[in-house]
Amino acid sequence: MRRRIGIEDIEDMALGATVLGAGGGGDPYVGKLMVIEAIRKYGDIELISPDEVPDDATVVVSQMMGAPTIMVEKVCSGVEPMVTYDEMVKELGEEPYAIYAVEAGGVNSMIPFILGATRQIPVVDADLMGRAFPELQMTTLGINGVKGMPAVLADEKGNTVTVRAVDDVWLERIARQATSVMGGYTILASYQCTGRQLKEFGIHGTPTLCQEIGRTLREARENHTDPIDAVLEVTKGFRLFKGKVVDVDRKTDGMFVRGQAVVDGLDDDKGSQLVIKFQNENIIALKDGEPVCTAPDLIVSLDAESGTPVTTEGLKYGARVVVCGLPCDPQWRTPQGLKVVGPRYFGYDVDYVPIEERAAAAGLSGACGNGKTDGEGACA
Amino acid sequence: MASSNERTWRLGIDVGGTNTDAVIIDGNLKLVAATKSPTTEDVMSGIEAAMHEVVSQIGPEAAKNIGFAMLGTTHCTNAIVERKRLNKVVALRIGAPATTAISCMADWPQQLKDAMSVRDFIVHGGHEFNGQLINDLVEQEIREVARTVRDEGFESVAVTSVFSPVSDAHEVRAGQILREELGEDFPISLSSEIGTLGFLERENATILNAALHDVAITTATSFEAALAAEGLTDVAVYLGQNDGTLMSVDYAKRYPIFTIACGPTNSIRGASFLTKEKDAVVVDIGGTTTDVGVLTHGFPRESMVAVEIGDVRTNFRMPDLVSVGLGGGSIVRQQPDGSVTVGPDSVGFRVTRDALCFGGEVLTATDIVVAKGIAPGVGDPSLVAGLDPALVEVAYAEITRIIEDAVDAMKTSAGDITVILVGGGSILAPSKLEGAGEVLRPENFGVANAIGSAISQVSGQVQKVYSLTDTPRDQAIANAKALACENAIAAGADPDTVEVIDVEDIPLAYLGDALCVRVKAVGDLML
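Residues numbered from 1 in each chain as written. Chains lettered and ligands numbered in written order. Predicted model: local features only at pLDDT ≥ 70, side-chain atom pairs only at ≥ 80, totals over all residues. Heavy atoms only, no water.

**Notes on the domain arrangement of chain B**
Residue and element names in this part refer to chain B. Under the domain assignment used here, chain B contains domain 1 (1-83 + 213-260), domain 2 (87-211), domain 3 (323-446) and domain 4 (457-523). Here domain 1 and domain 3 have C-alpha centroids that lie 30 Å from each other. Counting residues at the interface gives 5 residues for domain 1, matched by 5 residues for domain 3. Summing the contributions of domain 1 and of domain 3, the shared interface buries around 360 Å²; its carbon and sulfur component is 66%. Looking at the side of domain 1 facing domain 3, the largest losses of area belong to Thr18, Leu31 and Lys36, adding up to 72% of the total buried there. At the junction of domain 1 with domain 3, the criterion picks out 0 salt bridges. (Domains from an automatic or database assignment. Contact = heavy atoms within 4.5 Å. Buried area = accessible area lost by both parts, 1.4 Å probe. Salt bridge = Lys/Arg side-chain N within 4 Å of Asp/Glu carboxyl O.)

**Comments concerning the nonpolar core**
Grouped together as the largest cluster of nonpolar side chains are 92 residues, with contacts concentrated most on Ile10, Met34, Tyr100, Phe113 and Val124 of chain A. Ranked by residue count, the leading element in this core is helix 2 (residues 29-42) of chain A, at 8 residues. Ignoring any residue separated from it by four or fewer positions in sequence, one finds Tyr100 of chain A in contact with Val59, Val60, Val61, Ser62, Pro112, Val124, Ala126, Leu128, Leu141, Tyr191, Cys193 and Leu198 of chain A. Val15, Ile58, Met116 and Ala261 of chain B belong to the second-largest nonpolar core, a separate cluster that totals 61 residues. (Core = buried A, V, L, I, M, F, W, Y, C linked by side-chain atoms within 4.5 Å. Buried < 20%, exposed > 50% of the residue type's maximum accessible area, 1.4 Å probe, protein only. Helix = DSSP H or I, 4+ residues; strand = E, 2+ residues; numbered from the N terminus.)

**Let's talk about the packing of helix 4 (residues 139-151) of chain B against helix 5 (residues 169-182) of chain B**
Residues and elements named next belong to chain B. Interhelical geometry of helix 4 versus helix 5 gives an angle of 45° and a closest axis separation of 9 Å. In terms of orientation, helix 4 and helix 5 fall into the oblique class. The element helix 4 and its partner helix 5 pack so that their crossing is right-handed. Taken together, the residues of helix 5 that come into contact with helix 4 (itself represented by Glu139, Ile142, Arg143, Ala146, Val149 and Arg150) are Arg173, Ala174, Ile177, Leu178, Glu180, Glu181 and Leu182. Considering only residue class, the contact of helix 4 with helix 5 consists of 7 nonpolar, no polar and 6 charged. (Axes fitted to C-alpha atoms, helices over the stretch in contact; angles between N-to-C directions. Parallel < 35°, antiparallel > 145°, perpendicular 65-115°, else oblique. Left-handed = near helix turned anticlockwise from the far one by under 90°. Nonpolar A, V, L, I, M, F, W, Y, C, P; charged D, E, K, R; others polar.)

**Notes on helix 6 (residues 199-211) of chain B**
Here helix 6 of chain B contains 13 residues, and its C-alpha end-to-end distance of 18 Å stays within 8% of the 18 Å for a straight helix at 1.5 Å per residue. Taking burial as the measure, the 13 residues of helix 6 of chain B include 13 buried ones, the bulk of the element. (Expected span 1.5 Å × (residues − 1).)

**Points about the packing of aromatic side chains**
Aromatic ring pairs: the centre-centre distance and the angle between the two ring planes describe each pair. Per the counting criterion, the structure on display carries 5 aromatic pairs over all chains. Aromatic side chains Phe133 of chain A and Trp332 of chain A sit 5.2 Å apart centroid to centroid with 80° between the ring planes, which places their arrangement in the edge-to-face category. Of this pair, Phe133 of chain A sits in the loop between strand 6 (126-127) and strand 7 (151-154) while Trp332 of chain A sits in the loop between strand 18 (320-326) and helix 10 (335-341), and the two are 199 residues apart along the sequence. Overall, the relative accessible area of 4% leaves Phe133 of chain A in the buried class. For Trp332 of chain A, a relative accessible area of 0% puts it in the buried group. For the pair Tyr345 of chain A and Phe346 of chain A, a centre-to-centre distance of 5.4 Å together with 85° between the ring planes defines the contact as edge-to-face. Residue Phe346 of chain A is classed as buried on the basis of its relative accessible area of 10%. When the ring centre of Phe154 of chain B is taken as reference, the NZ or CZ atom of Lys88 of chain B above it lies at 4.8 Å. The cationic tip of Lys276 of chain B hangs over the ring face of Phe273 of chain B; the distance from NZ or CZ to the ring centre is 4.5 Å. (Phe/Tyr/Trp six-rings, centres within 6.5 Å; stacked < 30°, edge-to-face > 60°. Lys NZ or Arg CZ within 6 Å of the ring centre and 35° of its normal.)

**Some details on the sheet that holds strand 7 (residues 156-161) of chain B**
Residue and element names in this part refer to chain B. With parallel pairing, 4 strands are arranged side by side in an open sheet as 6-5-7-8. In the strand order of this sheet, the two ends are held by strand 6 (119-124) and strand 8 (188-190), each with one partner. Taken pair by pair, the neighbouring strands of this sheet meet at an average axis angle of 20°, ignoring direction. Bridge count for strand 7 against strand 8 is 3 bridges, and the pairing is parallel. Paired with Val157 across the two strands is Ile188, which belongs to strand 8. Where helix 6 meets the sheet, it contacts strand 5 (89-96), strand 7 and strand 8, and its direction lies at approximately 165° from that of strand 7. (Pairing = 2+ DSSP bridges.)

**Regarding the packing of helix 4 (residues 80-92) of chain A against helix 5 (residues 111-119) of chain A**
All names here are of chain A. Contact geometry for helix 4 and helix 5: axes closest at 9 Å, N-to-C directions at 80°. Considering their axes alone, helix 4 and helix 5 lie roughly perpendicular with respect to each other. Residues Pro81, Met82, Tyr85 and Asp86 of helix 4 touch helix 5, and the partners they reach there are Ile114, Leu115, Thr118 and Arg119. Within the contact of helix 4 with helix 5, the residues separate by chemical class into 5 nonpolar, 1 polar and 2 charged.

**Looking at the UniProt feature "domain: S-Me-THD N-terminal" (unreviewed entry) in chain A**
Following the UniProt record, one finds the feature "domain: S-Me-THD N-terminal" (unreviewed entry) at residues 8-164 of chain A. The span residues 8-164 of chain A is 35% helical and 18% strand by assignment, and the distance between its end C-alpha atoms comes to 38 Å. (UniProt positions renumbered as here; feature names shortened; annotations may be inferred.)

**Topic: the interface of chain B and chain A**
Taken residue by residue, the interface counts 32 residues in chain B and 28 residues in chain A. For chain B, the biggest contributors to the area lost against chain A are Ala101, Ile102 and Phe129 of chain B; these three give 19% of the whole. The interface formed by chain B and chain A includes 6 salt bridges. Note that Lys157 of chain A is salt-bridged to Glu128 of chain B, the shortest N-O span being 2.4 Å.

Here it is, written out as structure tokens:
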């Protein structure tokens, strides 16, 4: 299961990470360039499966938090991941066995690979979200009672802050304030846990899934086959709606980008309208006023021609998109998962219904051929 | 400069991918001469040919009325795409320790990097998102960079500082130091004058701008020489920029990158002038491609996303366009399954030789409309009389679909919108389009781009951050408006015609009480 990750792999992974970003997560472009630069200097990265981590070994997250839009202007110095890692080693009193990603979607999919290349530390093929989410406490470790402490934040100037909060919600509050003061985004070492905890609570294989999605998209384009079908097959997702973006309303309040996009139907959806509401990531999609997909399932807009994922920032008047719903990890569908990332957490008074069930009820086409699904999951 | 009222005529030239068009417009903005001539590989000889043709049309006596000459050209785009004639650039990045994770030009095609033999430096300085310093600027570091520039014969410097769109203080100071060391006239490009937020894209655009310095000079001087060869020695010369306004030669030397994509802009402005419409979708069909843009308040809508130029990601202002591979020379093919494709490959300007209706052997989009009998006066209909009527219908439907899709992609609301058809290939378009209200086909549609070039106005822009404690919002905006109007007048606009066309005020919440105001003013050329 161990394999080396090189520049080509990272290119595919970054593309797939935009899909799992569910409209947000920050453009992986800057992260990708940082990883490529590190690989050129230090060599390929070892990716290991969670099963290869000994039960009692320690693993640590390497991530960014704050505004990805600031990272796009004030690019990292490149040493932040190593600074936070060294601080974490001091905190732990030992070298972690490996590092991993907090979220598979967006720019955070890339951050562990900078450290992985520079220090030649293995990266575990797992994450704690299976997608991108807007807040730090939204992890599968968190809903299972494992806290993200201690967390070490660093900026490019060399400032570091170590946070030992009472819980992950406090970690989120304190770290976000510190991040704002430190210049709008920081790099963190966080979510240290044991190999056993990562095996049990982590979401396995997500970096590999990102790479698969990216490779599939690239190959579909090269072979002139339908890129959207290709993505849906890999992600076991559904086509929710095809249309043209006719309105985008975006506001930045505090540290989040909130707003909505209105999509007018085309082809089979002509006459209907889809509204996607977002808070950094897409949270809920309403077709003619009725929910067709909600968090924690992923709502992803793909360019109707090329299949290229379109983020909420990239949504533009006139863009033709196919909006897809992809199933989230089953851990998010538990009561404790939905408490943290369900539609009600984001302020929508709607019951969560898994996308497979919504798709079956609505007769939406899924990944396996163009036929209707049976509600048992797209490719079951 | 022209002073007497007689010398109010304008010569406008626009270089397209297929044709170079030229027009002469009199003091009442009436078209008095127009021509189309093939765009040549060196571009300049095509400009000379087109210019010679229109000047000959009016004769040497009338030519004395010409007081202004405007050129919209592809010189800069071509230099980047062909990786030729580019300057040796030093890229100076201000922001260390920030930004060191990604090298300068990390994502550029190697060939283009080589063509510019760029050397890059990162020095301390730059700002945070809230205007605080990341680090002080270390002047000695910049003087050392200047030494390398001098010692190793670099020709141009591109300066990019972190968050310079919020605070340009370090870029401006670095520019002063470089001029002290290298001389007042040394070409220096500051990123805050070129692009917006997005460091790598803005740095890329600034480096390209720096590399185009000599191309801008060559373009301007050879244009002036071509004018002189026609006896036009005492005319004011302007280059078209991609927001639909003009820049003086001096300005063009500093901001050559703003000439990129001025062609489609000229078409949009020309279409507006010819129809008097201020809000519409403009479809410019050429020999190989169709550009669709949007006219809002008389000017082209700007693009909001990163634009690639010569495979380099940039973020300077560009017109918002959709380009599709449909033109008069687009090749029509019947597929084995009976379906028909139109383009994207084209015979280009050779359409008048290679198309069936001109006695050639290639079935083109032009042949389809000639066979349908809707393009009177084009080619010889008898040469396409034998085409299968079913094929003609299917191909025509495909042409219509391509245009309708492109128009639809640019519309911002579901309502029907006015569509203006221009360009030599616009004979392809039907007079009814799905999603369009009125479809206008102005007279002289074939040279709308050169007309757009000739009637271009002059603009002045201001971007300034005000402290609301010192200056209330109303006063800040009024001040910025006045500055923008002053800039437009300084650039050559008639004070009586200057008007503010765009005001944007963005509260910089993270700066406490700061307000960023952007204003653009536009006026007619002072005649």
